[in-house]
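Descriptive analysis of the structure
Listed here are the chains, written in short residue letters.
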Amino acid sequence: MSLNPVVAYISRSALRHNLTRVQTFAKSAKVLAMVKANGYGHDAVEVAKTLINIENPVDAFGVARINEALVLRQANIQVPIVLMEGCFNKEELLCASEQQFEIVLHNKEQLQHLLSTTLPKPLRVWLKLDTGMGRVGFNQVELSEAINQLKGNANVIEPFTCMTHFACADQLNDERSRQQLAKFNSVVEANQPLLSYSCANSAAIIANPNAHFEWVRPGIMLFGSSPIQDTVCSDYDLQPVMSLRSIVIAVRNVKAGETVGYGARWTAQKDTQVAVVAMGYGDGYPRNAKDGTPVMINGVIYPLAGRVSMDMITVDVGLNSEIKMGDPVTLWGIDELSGEVLPAERVAGYADTISYEMFCNLAARVEKRFID
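Keep in mind it's a predicted model, so treat the numbers as computed, not measured. (Residues numbered from 1 in each chain as written. Predicted model: local features only at pLDDT ≥ 70, side-chain atom pairs only at ≥ 80, totals over all residues. Heavy atoms only, no water.)

**Some points on the pattern of salt bridges**
Taken as a whole, this structure holds 14 salt bridges when the rule is applied. Arg21 is the salt-bridge partner of Asp237, the closest N and O atoms lying 3.7 Å from each other. In this pair, Asp237 sits in the loop between β9 (215-216) and β10 (242-254) while Arg21 sits in helix α1 (residues 12-25), placing the two residues 216 residues apart along the sequence. With relative accessibility at 40%, the residue Asp237 sits in the partly exposed group. With relative accessibility at 18%, the residue Arg21 sits in the buried group. Between Arg178 and Glu175 there is a salt bridge; the shortest N-O distance is 2.9 Å. Here the residue Arg178 and the residue Glu175 both occupy positions in helix α8 (residues 175-191), the gap between them amounting to three residues, near one helical turn. Glu175 sits in the partly exposed class, given a relative accessible area of 42%. Counted as one network, the salt bridges with shared partners bring together Arg12, Glu46 and Asp372. (Salt bridge = Lys/Arg side-chain N within 4 Å of Asp/Glu carboxyl O. Helix = DSSP H or I, 4+ residues; strand = E, 2+ residues; numbered from the N terminus. Buried < 20%, exposed > 50% of the residue type's maximum accessible area, 1.4 Å probe, protein only.)

Here it is in structure tokens:
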């Protein structure tokens, strides 16, 4: 029995299933699995071990920064690890070389750091092309110049990989994605002998087969959440990896006209009962979740009633629910009693956020328990 009422159950079988879905969508592509931000809040080391100790493992892992990569290496994860933001000084480059991390170059300064540093071992390089995201990346002219400067350099291993990132891949049939892919294809045509290619994040893996190329980069879909706007995991046969659960810690009678919670935001429209759940923004539950946000108690959906506080939420369960202290609650994921799914995407919609943020915001005091 857990001494912590709030537990995030992390399903290894769901992770394996979702990887199989990636491999089904992009049959001929290698898989660069994104495990940045501590595996989207799921525990990067455990996620990585799950995704390599299987019959058809991932080919590499992607992290944002070098400290995230070091955590994986220290856990004896020996598959390729790509630094998606690259290196920013000589010390990071030397560390990347020693650990044999692969690096993304996305600006001239990073390129010059690489060219001017003597490395003990050469590095594999990914070159980022900005086709319309507008954050980081070379333009097409700068990319060609970078390729010419890197060719034959002792610090790098050829061939290189060229990558880009879609701004609106989650919006089906968006014209901007077509324009970005057209720009990328022009680079493909100009540099085909020198490069392999990578465009597709989770959304493009599902929605844009023409963008799969040699490498796909799944993130959120590995964790069982839909990357496509206004859809949920079951729409693409994805299984929630995280099921966030707690318990009821009190049930109170509330009369019509009485208010509940900070700011007296919620007023009972009729006599009812309110279940108090051990869950709050101190656990990572979104504070701006609206009244009506779905909460599952004893396998039944009830509406959130009142403002989320640090340690508690309140749920309108009606007069005849028979809910009592200690009853199980599912905040998102798979309900243990009913087996039904409360999609994190659905909860996120009530909080004007996305499932990515909810997973990443899970607090340290929430116990993570891996299950098969």
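The structure having been displayed, the exposition proceeds.
**What about the state of the cysteines?**
Enumeration over the complete set of coordinates arrives at zero disulfides. The thiol of Cys162 is not disulfide-bonded; the next cysteine sulfur, from Cys199, is found 7.7 Å away. A residue is classified by how much of its surface remains accessible, and Cys162, at 0% relative accessible area, is buried. Free of any disulfide, Cys360 has its nearest neighbouring cysteine sulfur in Cys233, separated by 17 Å. On the basis of relative accessibility, which here comes to 36%, the residue Cys360 falls in the partly exposed class. (Disulfide = S-S within 2.5 Å.)

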